[in-house]
There are 2 protein chains.
Amino acid sequence: MTAQSPIKAFRRKLDLRNGRVDMSHGSGGRASADLVAQIFRDAFANEWLDQGNDQASLPLPAGQRLVMTTDGYVVSPLFFPGGDIGSLAVHGTINDIAMAGARPLYLSASFIVEEGFPLGDLDRIAGSMGAASRAAGVPVVTGDTKVVERGKADGVFISTAGVGVVPEGITLSGDRARPGDAVILSGYIGDHGVAIMSSRENLEFETAVLSDSAALHGLVAAMVAAAGPSLRTMRDPTRGGLAATLNELAHQSGVGFRIDEEAVPVRAEVAAACELLGLDPLYVANEGKLVAVVAPEAAERLLAVMRAHPLGRDAALIGTVVADERQFVQMTTSFGGGRIVDWLSGEQLPRIC
Amino acid sequence: MTAQSPIKAFRRKLDLRNGRVDMSHGSGGRASADLVAQIFRDAFANEWLDQGNDQASLPLPAGQRLVMTTDGYVVSPLFFPGGDIGSLAVHGTINDIAMAGARPLYLSASFIVEEGFPLGDLDRIAGSMGAASRAAGVPVVTGDTKVVERGKADGVFISTAGVGVVPEGITLSGDRARPGDAVILSGYIGDHGVAIMSSRENLEFETAVLSDSAALHGLVAAMVAAAGPSLRTMRDPTRGGLAATLNELAHQSGVGFRIDEEAVPVRAEVAAACELLGLDPLYVANEGKLVAVVAPEAAERLLAVMRAHPLGRDAALIGTVVADERQFVQMTTSFGGGRIVDWLSGEQLPRIC
């Protein structure tokens, strides 16, 4: 083209109905810029992203510690009952920040897209991410998009990172559980995993099971305000479910757990689906639940505050921390017996998040 | 297993010589924990990662602004002359932070691994990341690993995010270039892209071209100290090369650029390889170079400081910012002519980073 052509004035409008991602969208050239401008910038609109730099420069409250986390999302299918990979990526990363008792402030998003992926689906995912991020009040301030050849990825993968701040004096960590502490679960387990598996297996239940995917930072803020330093640790039981989370905490703190099976909330339809699919709800992923370990004297107060929050309405005291140098998670079953809840050594539910 | 089995005492030792990643390594269960403990925790060893939480809680200097960035790495091949995907992921993200004039503090890493990927290669990549991170003084403080089925990814993809801090008063941004400003390039262009393409095409040159992959934050700190507020903006010309970077800046600032082709440093072997491969060095990716736009009166001082640093030894004044509402990047060629350096509209070098 010549120096006279007014090429800069043109933006090629993306065909969101029929268009597909091609290698040029990952080139760093004009097609990349079009993709960012027409899909991501609209979806995530905020003053930092709008600056169009390779990084965002952000205000930060004084006198607090920084909390940082990251997660990759490879969930299949990308769209499932109750959510999609976009909202999941926002909720999951906000939750990892919140589990430190921190206030999430900013998110980043890295997209790895397979050549041929429908632009309309990418737009829908970005829109869902943007909506989840606005609803949570935590903007996506910077991002990156790469494209790989057809057959070298599976639609789209998203890696989000998040930062937040935690006041000095609040120290939640997985190594702080002590014998005698109470163990509280914020609600029903297994919903996310069953929602994904049902859509994979094309199962229909009388009542549809929806993913519990949700941002927990509001619930956590109420919990921190109510229980403060009595809170030892919190963790969201995602991959590997409640079983993996309790085993991790047992390992980090050098303690055991004794859990009362009857106290663990499981929906009837989730229990039924798990039976059909040969799954144990204890190992099934959740994306909007948390486990809190709290000093026994604060447990009732904490439960009351959680139950007053929409995302903690079904919170339950499910057991206690016990001294156990073997670091076992033991379950008292409804038949009065007991069993060890070990980590899965294999893989029960691939690509659940 | 029974309550008596001392299962917690066991860690399955990974077979780094012959073992391969399987789906269980992404389960969130014991195999995931083994992988993290035996590959990533060793490679990245630092007090925050060692805490084993889903997030890192970090100290932060007071009275500064936060800078945040993210990048996905899908480079192919994973190992190339002068680096690999691990060191590249560290350098690239540090550089995006540094380009804001900021001091990089912490990195996160999200790994998406294809089932069947050799554990030894993953260990080598993690080791290289750890070494690059230690050399730069910027620790990987939190991470995540997901595994997808064979054929659903291509070996390993890494998304890194980074945070840093910038003193109040330093505001580098792509919209601050003004007519009359000087344009400085920190060294030879095209090395990274040519190193990757040569190893893809199995080309051998008399002198091997190595990727320039390097962390630029030390150079940047010296530049900020020397030129301070005279620095308008900096950017690292990665995907899309110098051409894409100058066009982005032209677009953001609403200006044009006039570049002197003879002043742009290109190694003879890179020029030769580009001719062989049908590439234009202006569009070829760099991973250890930066472009700085600076007020004209500070240009000589800045150049001197850059040339005193090992990563800016070959820095050159390559042109000036001009008023141009068409936002053209114009190149004065060695034949005395001129041409417009537009963005690539297609894709020249897929998966270069």
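Each chain carries its own residue numbering, running from 1 in the direction its sequence is written. Chain letters start at A and ligand numbers start at 1, both assigned in the order the entries are written. Where totals are concerned, whole chains, interfaces and linings use all residues; where local detail is concerned, this predicted model gives features only for residues with pLDDT of at least 70, and gives and counts side-chain atom pairs only at 80 or more. Excluded from the side-chain calculation are hydrogens and water; included are all heavy atoms of the structure.

This part is about the domain arrangement of chain A. Residue and element names in this part refer to chain A. Each domain's extent is set by a domain assignment, obtained either automatically or from a database. In terms of domain boundaries, chain A breaks down into domain 1 (9-167) and domain 2 (182-340). Between the C-alpha centres of domain 1 and domain 2 the distance comes to 28 Å. Buried area between domain 1 and domain 2, both sides added, is near 1600 Å², and the carbon and sulfur share of it is 63%. Summed over the three residues of domain 1 that lose the most area to domain 2, namely Pro81, Asn95 and Met99, the buried surface amounts to 36% of that side. Here, a salt bridge means any side-chain nitrogen of Lys or Arg that lies within 4 Å of a carboxyl oxygen of Asp or Glu. Between domain 1 and domain 2 we count zero salt bridges in total. Definition of a polar contact: a pair of N or O atoms within 3.5 Å, with one able to donate and the other able to accept a hydrogen when the atoms are protein atoms, and with sequence-neighbouring residues admitted only if both atoms are side-chain atoms. Run the count over domain 1 and domain 2 and you get eight residue pairs in polar contact (both at pLDDT 80 or more). For any pair of parts, buried area is found by adding up, for both, the accessible area (1.4 Å probe) each one loses once the two are put together.

Residue and element names in this part refer to chain A. Classification of ring pairs uses Phe, Tyr and Trp, with its six-membered ring standing for Trp, and accepts pairs whose centres are within 6.5 Å; under 30 degrees between planes counts as stacked, over 60 as edge-to-face, and the remaining range as tilted. Enumeration over the complete set of coordinates arrives at eight aromatic pairs over all chains. On the basis of an interplanar angle of 75 degrees and a centroid distance of 5.5 Å, the ring pair of Trp48 and Tyr106 is categorised as edge-to-face. Linking Trp48 in helix α2 (residues 47-50) with Tyr106 in strand β5 (residues 103-114), this pair joins segments that are 58 residues apart in sequence. The criterion for a charge sitting over a ring is simple: Lys NZ or Arg CZ within 6 Å of the ring centre, and within 35 degrees of the ring normal. Arg267 extends its terminal NZ or CZ atom over the ring of Tyr188, reaching a point 4.4 Å from the ring centre. The helix and strand labels rest on DSSP assignments: H or I over at least four residues marks a helix, E over at least two residues marks a strand, and numbering proceeds from the N terminus.

With that settled, consider the sheet that holds strand β1 (residues 56-58) of chain B. In this description, strands pair whenever DSSP reports at least two bridges between them. Pairing within the open sheet is mixed, and its five strands lie in the order β6(A)-β5(A)-β7(A)-β2(A)-β1(B). With one partner strand each, in any of the chains shown, β6 (140-148) of chain A together with β1 of chain B form the two edges of the open sheet. Between one strand axis and the next, the sheet turns by 15 degrees as a mean value, whatever way the strands run. Summarising the sheet, strand β2 (residues 64-73) of chain A and β1 of chain B pair through three bridges and their orientation is antiparallel. Residue pairing across strands places Leu66 of chain A opposite Leu58 of chain B, the latter belonging to β1 of chain B. Only the contacting stretch of a helix is used when fitting its axis, a line to C-alpha atoms as for every element, and angles between N-to-C directions run 0 to 180 degrees.

Once that is clear, we can look at the relation of the copies chain A and chain B. Superposing copies: least-squares fit, C-alpha atoms only, residues required to have pLDDT of at least 70 in both. When chain A is fitted to chain B, the best match, at an RMSD of 0.0 Å, comes from turning it 180 degrees and sliding it 0.0 Å along the axis. Taken together, the rotation and translation relating the two chain copies correspond to the operation of a two-fold axis. Of the C-alpha atoms belonging to chain A, the one lying closest to the rotation axis is found on Ala153 of chain A, 2.1 Å away. Throughout, a contact is declared for two residues whenever any of their heavy atoms are within 4.5 Å. Comparing interface residues between copies, 100% of those in chain A also sit at the interface in chain B, which points to an isologous, same-surface contact.

Our next topic: the confidence of the model for chain A. In low-pLDDT segments, the atomic positions of the prediction should not be examined closely. For chain A, per-residue confidence averages 92 on the pLDDT scale, and 95% of positions sit at 70 or higher. The pLDDT score gives, residue by residue, the confidence of the prediction method on a 0 to 100 scale. Residue range residues 1-9 of chain A is modelled with pLDDT below 50. Its contacts to residues more than four positions away, or to other chains, number 16 contacts.

Attention now goes to the interface of chain A and chain B. Between chain A and chain B, the residue contacts involve 89 residues of the former and 89 residues of the latter. Summing both sides of the interface, chain A and chain B together bury roughly 7200 Å²; the carbon and sulfur share of this comes to 53%. Connecting chain A to chain B are eight salt bridges. The partner of Arg30 of chain B in a salt bridge is Asp342 of chain A, with the nearest N and O atoms 2.9 Å apart.

Within the secondary structure, Asn95 of chain A is located in helix α3 (residues 85-98). Excluding residues within four positions of it along the chain, Asn95 of chain A makes contact with Ala214, Ala215, Leu216, His217, Asp236 and Glu287 of chain A.

Our focus in this paragraph is the packing of helix α1 (residues 30-44) of chain B against helix α4 (residues 119-136) of chain B. All names here are of chain B. One way to put it is that α1 packs onto α4 with a least axis distance of 7 Å and a crossing angle of 30 degrees. One finds that α1 runs roughly parallel with respect to α4. For the pair formed by α1 and α4, the contact residues are Leu35, Gln38, Ile39, Phe40, Ala43 and Phe44 on the first element and Leu119, Leu122, Asp123, Ala126, Gly127, Met129, Gly130 and Arg134 on the second. For the contact of α1 with α4, the residue count by class is nine nonpolar, three polar and two charged. Any angle between 65 and 115 degrees counts as roughly perpendicular, while under 35 counts as roughly parallel, over 145 as roughly antiparallel, and the rest as oblique. Following the grouping adopted for this structure description, the nonpolar residues are Ala, Val, Leu, Ile, Met, Phe, Trp, Tyr, Cys and Pro, the charged ones are Asp, Glu, Lys and Arg, and the polar ones are all others, Gly among them.

Take the UniProt feature "domain: PurM-like N-terminal" (unreviewed entry) in chain A next. UniProt positions are given in the numbering used here, feature names are shortened, and annotations may be inferred rather than shown by experiment. Following the UniProt record, one finds the feature "domain: PurM-like N-terminal" (unreviewed entry) at residues 52-166 of chain A. This span, residues 52-166 of chain A, is 28% helix and 43% strand, and a straight line between its end C-alpha atoms measures 29 Å.

Residues and elements named next belong to chain B. What the rule picks out here adds up to 26 salt bridges over all chains. Arg235 serves as the salt-bridge partner of Glu248, at 2.7 Å between the closest nitrogen and oxygen. Highlighted residues: Glu248 in helix α7 (residues 241-253) and Arg235 in strand β9 (residues 231-235), separated in sequence by 13 residues. The buried label goes to any residue with under 20% of its type's maximum accessible area, the exposed label to any with over 50%, and the partly exposed label to all in between, with areas taken from a 1.4 Å probe on protein chains only. Given the relative accessible area of 22%, Glu248 is considered partly exposed.

Here we take up the pairing of strand β12 (residues 316-322) of chain A. Residues and elements named next belong to chain A. Taking burial as the measure, the seven residues of β12 include five buried ones, the bulk of the element. By the bridge criterion, four bridges tie strand β8 (residues 182-185) to β12 in an arrangement that is antiparallel. Counted as the bridge partner of Ala182 is Thr320 from β12. The pairing of strand β10 (residues 256-260) with β12 spans four bridges and is classified as antiparallel. Each bridged residue has a counterpart across the sheet, and for Phe257 the counterpart in β12 is Val321.

On to the environment of Gly256 of chain A, then. Residues and elements named next belong to chain A. Looking at the element boundaries, Gly256 is found in strand β10. For Gly256, a relative accessible area of 0% corresponds to the buried category. Taking C-alpha positions, Gly256 is 21 Å from Phe335, a pair spaced 79 residues apart along the chain. In this structure Gly256 touches Thr320, Val321, Val322, Asp324, Gln327 and Phe328, once residues within four positions along its chain are discounted.

A word on unusual backbone geometry. All names here are of chain A. The peptide bond linking Ser76 to Pro77 adopts the cis configuration, its omega dihedral lying at 0 degrees. If you trace the backbone, Pro77 turns up in the loop between β2 and β3 (79-80). One non-glycine residue, Gln327, adopts positive backbone phi at about 60 degrees. Checked against the element boundaries, Gln327 lands in the loop between β12 and β13 (329-332).

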